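Report on the structure
Letter by letter, the chains look like this.
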Amino acid sequence: MPYRTASVVGVLNRYLPFDAASGGLYEEFAPQASDAPPSYRTPTLDFVLKALEAASTRLVLLTGDAGHGKTHLCRRVLELGGGFDDDTARAHLLAGDGSQRLNLPRIGRRLRLVKDLSDKKPPAGARLLEDLLTDEDSVGLVCVNEGHLRAIVAESPDHLVELLDGLEESIAKGVTESTLGVRIVNLNYQAAAPPGGGFLDHLISAWLGDGRRWTACRQCDASDGCPILSNQERLTAQSGAKDALLQVVRVAEQSGYVLTYREALFLVSYLVTGGLDCGMVAEIHSRRRGDLRDFDLVELLFERTLAAAEAKNLRVLSRLRTYDPGLLPIRTVDEALLRESGESDLDTTADGQTRAQRKRAARRLRDEMRVRRRRAFFGEHTALDDDERALRLGLRGYSDFVHVQSDDENPTSMRIIVERVVRGLHVIQGVRVDDRSSLYLVDPAFTRAGCATSVIAATVPKNQLWLYGLHEYWLLTGEEGTRVDLIDAVDWLDREIVLCRGRDKPTELLRLDLLQFEYVVRSADGSSFPAFHAADRRRILARLAKFAESSAEASAEIRFVSLGGIRTLTLEQDGSVEVHHG
């Protein structure tokens, strides 16, 4: 067979942020051919269309970091709400400065579109927002980055400050509706890999899974050794590779990384092509020069070195490499992998070998085991469930973190997790106490790990503590009549759990993302690494100190922990000091 060129490979490479030819990265210049990524109808699109239909809505603000798809959403609103074809919608999008009033017959209103308010200086942006809010003949749809919105409000009259209040409400309480008739959708809460689907899952299935786009690849002379075709087949076959990739990305998002839709496009494109095109594959294949195995999916994800500029533009890759399953030795896993290959022992030493030979053999085995662990994780040997994958990523607390966010209301299982969290928080604060009936919050001056005595700033009985997923916490603490609807406005993923005092009317004590929770439970188990988690430790101690300060009561007594017990120091009226146990 002759070498072939597949147009889909060229389109994939247009979504790599490596050179000036990357025209697919921005909505205004995205490919309009059939090889472009299939459109994904996000919950945000339906939410925005419904908000625009409501007579009470004066303005819809789409905010968040660059790359979340705000401009794409605007184009889809024009297509679905106004019935415009693709070319017309793009033309209106490019002209979207708020001056036009576009008829949207499918939602029954006229629209003033501002595709990027960040293009305007704060005074001009403030004037435009005021104009949109006072225009009774139309509804506004505005895209703006969060930082620029704050700058605009700082330059505006007092009444626009309510926009900032709405943004803070969105961040703190999950609401989208402002008193000015403004709906604020904060896309920084949008997840690319939520459970049960999401943009990344859709992108892999629909973009890579359409076999018609890959017909030329299967008819190519290089098909037997082409890494591009191999990567595409692995991500779309029932091998577990896609599920494994989705979980690695989900873990990164649960650990605080905000993955934009643009970065998801970067990631899929890179993991399929690695920057190769059909011509490069044909040349390497025909001349046998170079090793195409370096462009294997797993190698690209965890091993292949990028230039500094490329790594900067593909930030998500460095974050995902934090969760490399090849780096964690688990003896039962490694022994099983060795048995599958016909080997029976991890010992690489042999009689008669020199020290240098033993070192080289150990390095070879180490590198080989990294590859085997990664392949096993991506489903080449056996299918793994989420909990098993999480353990291979080094996350011991993952199942508990997910359990807190589930609908399981079994108090026994939750109490076990709360007990583990309390133990961990004591270790982090340096508290050595035999009494486990309460969570003791230490005065910040006494939170050094080597401190033998810890002054107690506040005490919370353990039976008053409970854990919630973030969306459940919002629902429980929302004001009466307020709709906690941000979770319906985006592809939602609980990135945090909340430790609270009380169940009927919970009071927030501490929020933890997945890595912070992992640090707490590892501390409870006696296997944390304080130097690695130094930043998380500072955050946790600062939040505990803030809660302790707000909960402290004036008293003539000082309680402290010494030699594992609780002591109370009391200043008597005659000036003497009494120390009591308990």
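Residues numbered from 1 in each chain as written. Predicted model: local features only at pLDDT ≥ 70, side-chain atom pairs only at ≥ 80, totals over all residues. Heavy atoms only, no water.

Right, let's talk about the packing of aromatic side chains for a bit. Summed over all chains, the structure comprises 8 aromatic pairs. An angle of 80° between the planes, with centres 5.3 Å apart, marks the rings of Tyr15 and Trp207 as edge-to-face. On the criterion of sequence distance, the pair formed by Tyr15 in the loop between α1 (7-14) and α2 (43-53) and Trp207 in helix α8 (residues 199-208) is long-range, its members being 192 residues apart. By relative accessible area, Tyr15 is classed as buried at 3%. Note on Trp207: relative accessible area 0%, which makes it buried. Consider the rings of Trp474 and Trp492, whose centres lie 5.5 Å apart with planes at 50°: the pair is tilted. Here the residue Trp474 occupies a position in helix α22 (residues 470-477), and Trp492 occupies one in the loop between α23 (486-489) and β9 (496-501), the gap between them amounting to 18 residues. Here Trp474 falls in the buried class, since its relative accessible area comes to 1%. For Trp492, a relative accessible area of 16% puts it in the buried group. For the cation-ring pair, Arg503 lies above Trp466, with the distance from its terminal atom to the ring centre recorded as 3.7 Å. (Phe/Tyr/Trp six-rings, centres within 6.5 Å; stacked < 30°, edge-to-face > 60°. Helix = DSSP H or I, 4+ residues; strand = E, 2+ residues; numbered from the N terminus. Buried < 20%, exposed > 50% of the residue type's maximum accessible area, 1.4 Å probe, protein only. Lys NZ or Arg CZ within 6 Å of the ring centre and 35° of its normal.)

On to the sheet that holds strand β8 (residues 465-469), then. Strand order across the open sheet formed by 3 strands is β8-β9-β10, with antiparallel pairing between neighbours. Strands at the two margins of the open sheet, each flanked by one partner only, are β8 and β10 (507-513). Direction aside, neighbouring strands of the sheet carry axes that sit 25° apart on average. Here β9 runs beside β10; their pairing, made up of 6 bridges, is antiparallel. Paired with Val498 across the strands is Arg511, a residue of β10. (Pairing = 2+ DSSP bridges. Axes fitted to C-alpha atoms, helices over the stretch in contact; angles between N-to-C directions.)

Two elements in contact, α8 and helix α12 (residues 261-273), have axes whose closest approach is 10 Å; the angle formed by their N-to-C orientations is 45°. Our classification of the angle between α8 and α12 gives oblique. For the pair α8 and α12, the sense of crossing is right-handed. Contacts between α8 and α12 pair Phe199, Leu200, Leu203, Ile204, Trp207 and Leu208 from the former with Tyr261, Ala264, Leu265, Val268, Ser269 and Val272 from the latter. Residues of the contact of α8 with α12, tallied by class, amount to 11 nonpolar, 1 polar and no charged. (Parallel < 35°, antiparallel > 145°, perpendicular 65-115°, else oblique. Left-handed = near helix turned anticlockwise from the far one by under 90°. Contact = heavy atoms within 4.5 Å. Nonpolar A, V, L, I, M, F, W, Y, C, P; charged D, E, K, R; others polar.)

Once that is clear, we can look at the confidence of the model for the protein. In this model, the protein carries an average pLDDT of 85, and 87% of its residues clear a pLDDT of 70 or more. The least confident element of the protein, judged by mean pLDDT, is strand β13 (residues 577-581) at 59; the most confident is β9 at 96. (pLDDT = per-residue confidence, 0-100.)

Turning our attention to the side chain of Thr57. With respect to the helices and strands, Thr57 occurs in the loop between α2 and β1 (59-63). The residues touching Thr57, leaving out its near neighbours within four places in the chain, are Ala51, Arg109, Val139, Gly181 and Arg183.

For the rest of this paragraph, the subject is the side chain of Asp210. Locating Asp210 in the fold gives a position in the loop between α8 and α9 (215-218). Take Asp210: its relative accessible area is 19%, and that puts it in the buried class. Within the local environment of Asp210, its side chain forms a polar contact with the side chain of Arg212, the two groups lying 2.9 Å apart. (Polar contact = N/O pair within 3.5 Å; in protein donor to acceptor, adjacent residues only side chain to side chain.)

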